Amino acid sequence: MAICVKCGKESDSCLCDSCKPGTDIEALCREILAYKPEDGGNPLWEQISGELENPYHFHNLVFVFSEELPEPRNEYMRVMCFVGGSANIMKSSRPWFYEVYERVKEHAGLTEEERMRLHGIALGAYLMDYEYEKAETVASLLGESEKLPWQAYENMADFYTKTRRYDRAEAVIANARRLFAGEAYITDRMREREEENQKQREKEKEGKAYLPNPKEGREEARRKYGDFLESIGIEAQIPAPKKKRSESIPKGLYPDPAETRDADFDTFVAFDLETTGINPKWDEIIEIGAVKVVGGTVNETAEFTFQELVKPAKKKITEEIEGLTGISPDDVKHARREKDVLSDFLEFAGNEVLVGFNCIQFDSRFLKRAGRHSQIMIKNLYFDVMRYAERFKERLGLSGNQVSLEKLSAQLGIKNPRAHRALADAITTAKAFLKLKEMDDGTGEQSVEELLEDLDNW
């Protein structure tokens with residue numbers, strides 16, 4: 001059962017039948033986008049957002065309500081939801097944005113200010129994707145207007161700075177500061193752009209001019225950059241590409257972890273990872289543990305279990321991690337490398353569903369990174385027991401924003417003999433999943449919080 005965001009009553013949707021007829025949907029969307037959880041002022045919204053992992057995910061309700069708006073109002077609201085308080089749109093959402101932008105940018109249903117705001121966001125997106133020719137076209141279009149939204153000014157200044165047209169960037173910044181003189185947030189951003197422009201100007205004098213430096217495709221990005229600068233009459237020395245130390249599967253070619261929320265299976269592989277930290281961008285796996293469950297039976301013999309330490313390539317095991325896991329630097333000194341252990345783990349798992357605890361936000365991301373760098377494709381589905389357990393919080397007497405494996409196993413009467421070691425946590429996860437399945441009567445409904453979480457993962 002959901003909660004009406006206008007009156008707080010239980011409802012079949014996020015707006016009850018009593019409130020819906022008198023609600024201006026577009027005005028509600030704007031109000032949601034403007035809402036800042038830290039400012040308070042709306043106890044109901046404060047309650048809903050406070051129960052979310054990230055209170056700002058409350059803004060994703062715009063995706064629910066915008067369904068009732070005509071095009072292009074619905075698409076415009078969704079774009080602004082993705083942009084939030086910035087001038088740019090995240091990389092994962094840019095392909096979607098480009099489709100929307102091309103479809104609605106000339107639509108009569110947009111105001112001129114909204115159209116210019118979309119152009120400004122497009123300019124930033126093209127610049128971040130190294131599409132310099134497209135960015136130049138949009139920047140030229142924006143340059144024909146005397147007054148623009150601040151997002152357009154910010155991205156124009158950034159574009160001209162990075163393409164070494166510092167005087168033009170200064171003119172854009174000066175115009176924005178004049179037009180938005182009374183708005184502290186915007187003037188602060190313009191000051192940052194001014195400082196960056198001056199910094200890049202000085203670096204060019206020192207022979208250290210800006211060059212695009214993406215993690216992947218750097219050679220192609222720099223070639224396009226050099227060609228563009230030449231086309232506008234700016235000479236640029238582009239360094240020869242360095243040889244790659246190792247080959248990895250590019251992010252764009254590697255599949256994102258695929259999740260299933262259908263618990264209708266009793267043969268699977270429960271797994272857990274121990275790592276050097278919590279960030280998959282730079283932390284590394286130091287242990288993989290797993291148990292193969294067949295027909296709902298957890299068998300802890302060697303044939304049905306997998307456990308192996310992993311030698312990290314760069315990251316060291318800190319005292320904090322050693323204290324938490326009991327794994328020391330000496331323990332992994334002679335362990336095999338990630339690629340070899342990952343290969344054996346995936347052979348053990350076969351095509352079974354990988355069941356983990358908080359595996360969507362944590363473990364699957366580490367496995368994706370390991371798979372990319374090891375050139376091993378992981379195609380298994382993931383099932384997250386932490387998300388599944390949210391359905392049973394009230395019946396189990398659990399509270400708080402997230403359910404921990406320790407609290408869940410305690411409530412279910414499951415003993416974990418060695419918490420924070422991969423195999424023990426994997427076995428505990430398997431037993432917890434099977435216990436929850438016994439409790440599942442199939443009558444659970446999505447709350448507002450679960451709906452928002454689904455939208456956030458869309």
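Here, the structure is the one placed above.
Summary of the structure given here. No experiment lies behind these values; they were computed from the predicted model shown. (Residues numbered from 1 in each chain as written. Predicted model: local features only at pLDDT ≥ 70, side-chain atom pairs only at ≥ 80, totals over all residues. Heavy atoms only, no water.)

### Some words on helix α2 (residues 43–50)
So, point 1. Leu44, Trp45, Ile48 and Ser49 are the residues of α2 that are buried. What you see down the axis of α2 is that its buried residues fit within an arc of 120°, all on one side. (Buried < 20%, exposed > 50% of the residue type's maximum accessible area, 1.4 Å probe, protein only. Helix = DSSP H or I, 4+ residues; strand = E, 2+ residues; numbered from the N terminus. Arc of directions from axis to C-beta.)

### Let's talk about helix α14 (residues 338–349)
Helical geometry: 3.6 residues make up each α-helical turn, so side chains three or four residues apart lie on a common side.
So, point 1. Over its twelve residues, α14 extends 16 Å from the first C-alpha to the last, a length consistent with the 16 Å expected when each residue adds 1.5 Å.
So, point 2. All of the buried residues along α14 are Glu338, Val341, Leu342, Phe345, Leu346, Phe348 and Ala349. On an axial view of α14, the arc spanned by its buried residues comes to 155°, and they lie on one face.
So, point 3. Its buried side turned inward, α14 meets β4 (268–275), β5 (285–294), β7 (305–311), β8 (336–337), β9 (354–356) and α15 (359–374). (Expected span 1.5 Å × (residues − 1). Contact = heavy atoms within 4.5 Å.)

### Let's talk about the side chain of Ser66
So, point 1. Within the element layout of this structure, Ser66 appears in the loop between α3 (61–65) and α4 (73–83).
So, point 2. Judged by relative accessible area, Ser66 falls into the buried class, the value being 0%.
So, point 3. A polar contact of 3.0 Å, which involves the side chain of Ser66, links it to the side chain of Arg78.
So, point 4. When sequence neighbours within four positions are dropped, the list of residues in contact with Ser66 reads Cys29, Asn74, Met77 and Arg78. (Polar contact = N/O pair within 3.5 Å; in protein donor to acceptor, adjacent residues only side chain to side chain.)

### Some thoughts on the packing of helix α6 (residues 112–128) against helix α8 (residues 150–162)
So, point 1. Put simply, α6 and α8 touch, their axes get as near as 8 Å, and they point 30° apart. The orientation of α6 with respect to α8, classified from their angle, is roughly parallel. Crossing handedness for the pair α6 and α8: left-handed. Along the contact surface, α6 presents Met116, Arg117, Gly120, Ile121, Leu123, Gly124 and Leu127, while α8 presents Gln151, Ala152, Asn155, Met156, Asp158, Phe159 and Lys162.
So, point 2. Split into classes, the residues belonging to the contact of α6 with α8 amount to seven nonpolar, four polar and three charged. (Axes fitted to C-alpha atoms, helices over the stretch in contact; angles between N-to-C directions. Parallel < 35°, antiparallel > 145°, perpendicular 65-115°, else oblique. Left-handed = near helix turned anticlockwise from the far one by under 90°. Nonpolar A, V, L, I, M, F, W, Y, C, P; charged D, E, K, R; others polar.)

### Some thoughts on the pattern of salt bridges
So, point 1. This model, assessed by the stated rule, comprises 38 salt bridges.
So, point 2. A salt bridge links Lys224 to Glu131, with the nearest nitrogen and oxygen atoms 3.3 Å apart. Highlighted residues: Lys224 in helix α11 (residues 218–231) and Glu131 in the loop between α6 and α7 (132–142), separated in sequence by 93 residues.
So, point 3. A residue is classified by how much of its surface remains accessible, and Glu131, at 27% relative accessible area, is partly exposed.
So, point 4. Note that Arg193 and Asp158 form a salt bridge whose closest N and O atoms lie 3.5 Å from each other. Placement of the pair is Arg193 in helix α10 (residues 184–205) and Asp158 in helix α8, with a sequence separation of 35 residues. This pair shows no difference in class: Arg193 is buried, exactly as Asp158 is.
So, point 5. Within this structure, Glu67, Glu71, Glu75, Arg78 and Arg103 form a network of salt bridges that share partners. (Salt bridge = Lys/Arg side-chain N within 4 Å of Asp/Glu carboxyl O.)

On their own, these measurements won't tell you what the molecule is for.
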